[in-house]
Amino acid sequence: PPTLFLFGDRDHLKVPQEKFIERARELDQEFDLKIYKGGGHSFMTQPAFQKTSTLDVQAFLEKEGILKPSD
């Protein structure tokens, strides 16, 4: 299924996340990946990342035809 991964580059789970992405690529899995500089775990709830991450998710959902493009 269409998949979007959002990770902060300062997340304490960065190493297992990177291993997951590496393995998914080895298996030729298709996905969109967004890495947010300065983001920790649950970075999307922090004001500095809320707008950008929300817009990235919206763009992904529009690209996949799940949401209609906003005007």
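Residues numbered from 1 in each chain as written. Predicted model: local features only at pLDDT ≥ 70, side-chain atom pairs only at ≥ 80, totals over all residues. Heavy atoms only, no water.

A. Structural view of unusual backbone geometry. In this structure, D28 takes a positive phi of about 60° despite not being glycine. You can see D28 is positioned in the loop between helix 1 (14-26) and strand 2 (32-36). (Helix = DSSP H or I, 4+ residues; strand = E, 2+ residues; numbered from the N terminus.)

B. Inspection of the packing of aromatic side chains at higher detail. Per the stated rule, a full pass over the model turns up 6 aromatic pairs. Centroid distance F5 to F31: 5.1 Å. Interplanar angle 75°. Geometry classified as edge-to-face. On the criterion of sequence distance, the pair formed by F5 in strand 1 (residues 4-8) and F31 in the loop between helix 1 and strand 2 is long-range, its members being 26 residues apart. For the pair F5 and F31, one class covers both residues: buried. With centroids separated by 6.4 Å and ring planes inclined at 85°, the aromatic side chains of Y36 and F49 adopt a geometry described as edge-to-face. Of the two residues, Y36 sits in strand 2 while F49 sits in helix 2 (residues 47-63), which places them 13 residues apart along the sequence. Residue Y36 shares its accessibility class with F49, and that shared class is buried. Clustering of aromatic rings is evident, with ring pairs tying together F5, F7, F20 and F31. (Phe/Tyr/Trp six-rings, centres within 6.5 Å; stacked < 30°, edge-to-face > 60°. Buried < 20%, exposed > 50% of the residue type's maximum accessible area, 1.4 Å probe, protein only.)

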